[in-house]
Amino acid sequence: MTAVELNNVWKIYAGDVAAVKDVNLSIQPGEFVVLVGPSGCGKSTTLRMIAGLESISKGEISIGNRVVNDVAPKDRDIAMVFQNYALYPHMTVEKNIAFSLKISGMPKDDINKRVQNVSEVLGLHELLKRKPGALSGGQRQRVALGRAIARDPKVFLFDEPLSNLDAKLRIAMRTEMKSLHQRLATTTVYVTHDQEEAMTLGSRLVVMNAGQIQQVGTPIDIYNYPNNRFVAGFVGSPAMNFIEGKLRVKAGETHFSRNGLDIFTGSVSYLPDTESDAVIGVRPQSIMLVQKETPGAIAATVDQVEPLGDQMDIKVRIHDDTVIIARVPLQSGVDTGLQIHIAFDAEKVHFFENSKVGARLNRRS
Amino acid sequence: MNGKRPSISVPWVLVHLLLIAVSIVVIVPLLYLVISAFKTEQGFLEHTFLPLGEGALGIDWSQLTTKQLGRLFSSEIGIGRALVNSIFLSATTAMLATFICALAGYASAALDFKGKRAFEWLVLAALIIPPPLLIAPSYQWLHTLGLLDSYTGLILPAVAPAFGVFLFRQATLQSVPKSILEAARIDGLGEFGIFLVIALPMLRPMVGAFLIITFLAMWNNFIGPQIVLQSAEKQPLSVVIYQTQTAYYSDYGLLMAGTLVSILPVAALFLFLQRDFIAGLSSGAVKG
């Protein structure tokens, strides 16, 4: 098993456009790390630099203690799966899987054994003699996966491999990839813009934005303790609600108000005494329907209801027309136009600086 | 196909009438050529198409002859050698030009190299120069290089047409995804290997189309051989057929027989590559 290290890595394109800025990342042997972020955040560029498909402007990348900045992609002992599968259309599935082995000069018998093994693991037996054009999207993705596995590389690199599949197949492939990683335990770097995919697959997530790493951590850590407003808004579905206002913390007692209305009162751990402009963040799942008399209850009008099976997302407006999304049980009987009262779960509210970065205020000690 | 019979409507009738008219325009001269190749010189002047008479199907078959074809291959004219010359010249040029244009077009589309922009501008600039303008400077160059009266002198200027480079550049951009080339790079192929093993097979329709285009261009080249080649035994079909005529007398039967012989190899090549030719010319017309 092999570690991957990125030290102060930059990618600067012509015209001084920095796509990746000073990325530092240490990937442990056998780890499944997911680079996640919106389009253009630099995640794919970072992956391509690890693969050697993109040159490194500054910094150093090592794979298994060997600096690979100037090593050709074929000599990095990696395998990559692309978003559009990148199968060779004029070769059969069998030849696609065997191609890199043949180039490496592996004896024919060994190649055949390896192809058989891979096709067994991925259930490709029936497809071996077919060409990619005669396969469905899911089958093509499986072949691409097979081609990568056949190489038995030190590191797997995945560039949005499930993006072209339909929702159902994506979930099925996700499960398959996870169990495959558990079986092979090969170091894996996976790029996606889909935060749900990232949360379910990664043992660690690297959230990126504007070429920079915003936070590195386990999915649960990132969900529960987002470093800043960007991470908080990007991870989780529906997205976290943000309300700007005044934060006052004194002797452990927290008050957050907006335009004269108390939005939140309670005790929030790890928040230092302060009196400043801030942003409160609360996930739709952390909003409760309460009685009018409940301390901290906020009056709201229901604007829109989106049923989701046993739950529903409701869009409500509070006194100054601030919109909040809440996820509530379907049985709650909430309907459009209704006057309701909501409250935030004190254990699950987040406070951020009211600044461009929006750093988290209630940090863990 | 759903097996339904097309409903006959006014546009359907008009389209079919137009197609029939176009077919007649294409087929009649070809038929005329084939029939004329088997007529005597007198028969050629007397009958527009088949000589009518007492024979089967109302045609006077006795007036048809293979004499003209025989004369062509006799030592008098020696079209056999010219045919071999033409096949050699056209096949060599077609293969070299297709390979070089594919290589250059692929490089221009898929690789980053110093002077790439300048190279692309040069190719585009070369496209707008009318070929007749290049006759005199080319002759000067060939003379300087000592390549006059040689096949090299005829083939060399034709092996890297800017049109071909541009065509293959566009074909690469359209049919060879960058990720496939990157996958091959990771799989361990070198740059030339990627071109040969991965890109070229994916460019097959364009290869087929361009083979025919360049083969035809050299096959029909009439001015080039007349300027570059001086020796009679090196002349291709186009020139030799023309030389059967004199300033005062044209033997049309012989001319038609010669023309028939000259179109047969091209027709065979087209039949062999027609699927690629049509796919190559229509690539990009339909979203894959």
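These numbers come from a predicted model, not from an experiment.

Rules of the game
- Residues numbered from 1 in each chain as written.
- Chains lettered and ligands numbered in written order.
- Predicted model: local features only at pLDDT ≥ 70, side-chain atom pairs only at ≥ 80, totals over all residues.
- Helix = DSSP H or I, 4+ residues; strand = E, 2+ residues; numbered from the N terminus.
- Rg over C-alpha atoms; globule rule 2.2 N^0.38 Å.
- Buried ≥ 20, exposed ≤ 12 C-beta atoms within 10 Å, placed from the backbone.
- Pairing = 2+ DSSP bridges.
- Axes fitted to C-alpha atoms, helices over the stretch in contact; angles between N-to-C directions.
- pLDDT = per-residue confidence, 0-100.
- Contact = placed C-beta atoms within 7 Å.
- Core = buried A, V, L, I, M, F, W, Y, C linked by C-beta atoms within 7 Å.
- Expected span 1.5 Å × (residues − 1).
- Nonpolar A, V, L, I, M, F, W, Y, C, P; charged D, E, K, R; others polar.
- Parallel < 35°, antiparallel > 145°, perpendicular 65-115°, else oblique.
- Left-handed = near helix turned anticlockwise from the far one by under 90°.

K.L.:
A description of the overall build of chain B should follow, citing residues and the corresponding values.
P.N.:
Across its full length, chain B carries 14 helices and zero strands. Along the chain direction, N to C, the helices and strands of chain B fall in the order α-α-α-α-α-α-α-α-α-α-α-α-α-α. Computed over the C-alpha atoms, the radius of gyration of chain B is 24 Å, more than 25% above the 19 Å expected from 2.2 N^0.38 for a compact globule of 288 residues. Taken along its principal axes, the extent of the C-alpha atoms in chain B is 75 × 65 × 35 Å. Here chain B holds 288 residues, and 31% of them are scored as buried.

K.L.:
Requested: an account of the sheet that holds strand S13 (residues 261–266) of chain A, with residues and values cited.
P.N.:
All names here are of chain A. What the five strands build is an open sheet, ordered S13-S12-S11-S14-S20; its pairing is antiparallel. Only two strands of the sheet have a single partner each, and these edge strands are S13 and strand S20 (349–353). Ignoring which end each strand starts from, the neighbouring axes of this sheet average 40 degrees apart.

K.L.:
So what's going on with the confidence of the model for chain B? Residues and values would help.
P.N.:
All names here are of chain B. On average, chain B scores 88 in pLDDT, and the residues at 70 or more come to 95%. In this model, residues 284–288 is a region of pLDDT below 50 whose contacts with residues beyond four sequence positions or in other chains number one contact. Across the assembled chains, the prediction reports ipTM 0.86 with pTM 0.83.

K.L.:
Describe helix H9 (residues 178–187) of chain B, listing the residues and the values that go with them.
P.N.:
Summarising burial for H9(B): eight of the 10 residues are buried, a large majority. Where H9(B) is buried, its residues meet helix H1 (43–51), strand S6 (78–81) and helix H2 (93–103) of chain A together with helix H4 (79–110) and helix H10 (191–202) of chain B. One or two steps after H9(B), the chain reaches Gly188(B), where phi turns positive at roughly 110 degrees.

K.L.:
Quick one: what's the story with the pairing of strand S19 (residues 339–344) of chain A, residue by residue and with numbers?
P.N.:
Sheet faces and side chains relate simply in a regular strand, where the side chains alternate between the two faces. All names here are of chain A. The pairing of strand S15 (residues 287–289) with S19 spans three bridges and is antiparallel. Bridge assignment links Met288 to a residue of S19, and that residue is Ala343. Pairing analysis gives four bridges linking strand S16 (residues 298–307) to S19, with the strands arranged antiparallel. Opposite Thr301, over in S19, you have Gln339 as the bridge partner.

K.L.:
Give me the nonpolar core: which residues, what numbers.
P.N.:
Formed by 138 residues in total, the largest nonpolar core has its most connected members in Met80(A), Leu157(A), Val189(A), Val206(A) and Leu203(B). No other element matches helix H11 (residues 204–219) of chain B, which puts nine residues into this core. Sequence-distant contacts of Met80(A), defined by excluding residues within four places in its chain, comprise Ala51(A), Ala148(A), Leu157(A), Asp159(A), Ala183(B) and Ile186(B). Counting residues in each nonpolar core, the second largest holds 14 residues, with Ala37(B), Leu83(B), Val240(B) and Ala257(B) among its members.

K.L.:
Could you give an account of helix H5 (residues 116–127) of chain B, with specific residues and numbers?
P.N.:
Counted at 1.5 Å a residue, the expected span for H5(B) with its 12 residues is 16 Å, and the 17 Å between its end C-alpha atoms agrees. Of all the 12 residues making up H5(B), one are buried; the element is thus mostly uncovered.

K.L.:
Mind laying out the interface of chain B and chain A, listing which residues take part and the relevant values?
P.N.:
Each partner contributes residues to the interface: chain B has 13 residues there, and chain A has 17 residues. Broken down by element, the side of chain B that touches chain A gets its largest block of residues, seven residues, from H9(B). Across the side of chain B that touches chain A, the residue classes break down as eight nonpolar, two polar and three charged.

K.L.:
Kindly report on the pairing of strand S2 (residues 17–27) of chain A, identifying the contributing residues and their values.
P.N.:
All names here are of chain A. The pairing of strand S1 (residues 4–13) with S2 spans seven bridges and is antiparallel. Across the sheet, the residue bridging to Leu6 is Leu25, located in S2. In this antiparallel pair of consecutive strands, S1 and S2, the connection spans three residues, and Gly15 shows a positive phi of 85 degrees.

K.L.:
So what's going on with the environment of Val228(B)? Which residues, and what values?
P.N.:
Residues and elements named next belong to chain B. In this structure, Val228 sits in helix H12 (residues 223–228). Considered as a pair, Val228 and Tyr139 are 89 residues apart in the sequence and their alpha carbons are 7.4 Å apart. Every residue in contact with Val228, bar those within four places of it in the chain, is listed here: Leu142, Leu148, Gly153 and Leu154.

K.L.:
Which residues make up the environment of Thr322(A), and what values do they have?
P.N.:
Mapped onto the secondary structure, Thr322(A) falls in the loop between strand S17 (311–317) and strand S18 (323–329). Through-space distance from the C-alpha of Thr322(A) to that of Ala300(A) is 9.6 Å; in sequence the pair is 22 residues apart.

K.L.:
Got a sec to walk through the sheet that holds strand S7 (residues 155–159) of chain A? Specific residues and values, please.
P.N.:
Residue and element names in this part refer to chain A. Pairing in this open sheet of six strands is mixed, and the strands run S6-S7-S8-S3-S9-S10 from one edge to the other. Sheet topology places S6 and strand S10 (212–217) at the edges, where each strand pairs with a single neighbour. Looking at each pair of strands side by side, their axes are set apart by 15 degrees on average, direction ignored. Running at roughly 175 degrees to S6, helix H4 (residues 137–150) makes contact with S6 and S7 of the sheet.

K.L.:
Got a sec to walk through unusual backbone geometry? Specific residues and values, please.
P.N.:
Residues and elements named next belong to chain A. Omega for the peptide link from Ser237 to Pro238 comes to -5 degrees, which places this bond in the cis form. Inspection of the secondary structure assignment puts Pro238 in the loop between helix H8 (229–234) and strand S11 (241–250). Residues other than glycine seldom take positive phi values, yet Asp16 does so here, at roughly 60 degrees. Assessed through the 6 C-beta atoms surrounding it within 10 Å, Asp16 is described here as exposed. Notably, Tyr85 is not glycine yet its phi reads approximately 75 degrees, a positive angle. By C-beta crowding, Tyr85 is classed as buried, having 25 other C-beta atoms within 10 Å.

K.L.:
For the environment of Asn228(A), give the residues involved together with the corresponding values.
P.N.:
All names here are of chain A. Residue placement: Asn228 occurs in the loop between helix H7 (219–224) and H8. With 21 C-beta atoms counted inside 10 Å, the residue Asn228 sits in the buried group. Along the primary structure Asn228 and Gly137 are separated by 91 residues, whereas in three dimensions their C-alpha atoms are 37 Å apart. In contact with Asn228, not counting residues within four places along its chain, are Gln214, Phe352, Val357, Gly358, Ala359 and Arg360.

K.L.:
Can you break down the packing of H4(B) against helix H8 (residues 162–175) of chain B residue by residue, with the values?
P.N.:
All names here are of chain B. Where H4 contacts H8, the axes come no closer than 7 Å and their chain directions differ by 50 degrees. With respect to H8, the element H4 is oriented oblique. Every pair of crossing elements has a handedness; the one defined by H4 and H8 is right-handed. In contact with Ala97, Cys101, Ala102, Ala104, Gly105, Tyr106, Ser108, Ala109 and Ala110 of H4, H8 contributes Gly164, Val165, Phe166, Leu167, Phe168, Arg169, Ala171, Thr172 and Leu173. Considered class by class, the residues forming the contact of H4 with H8 number 13 nonpolar, four polar and one charged.

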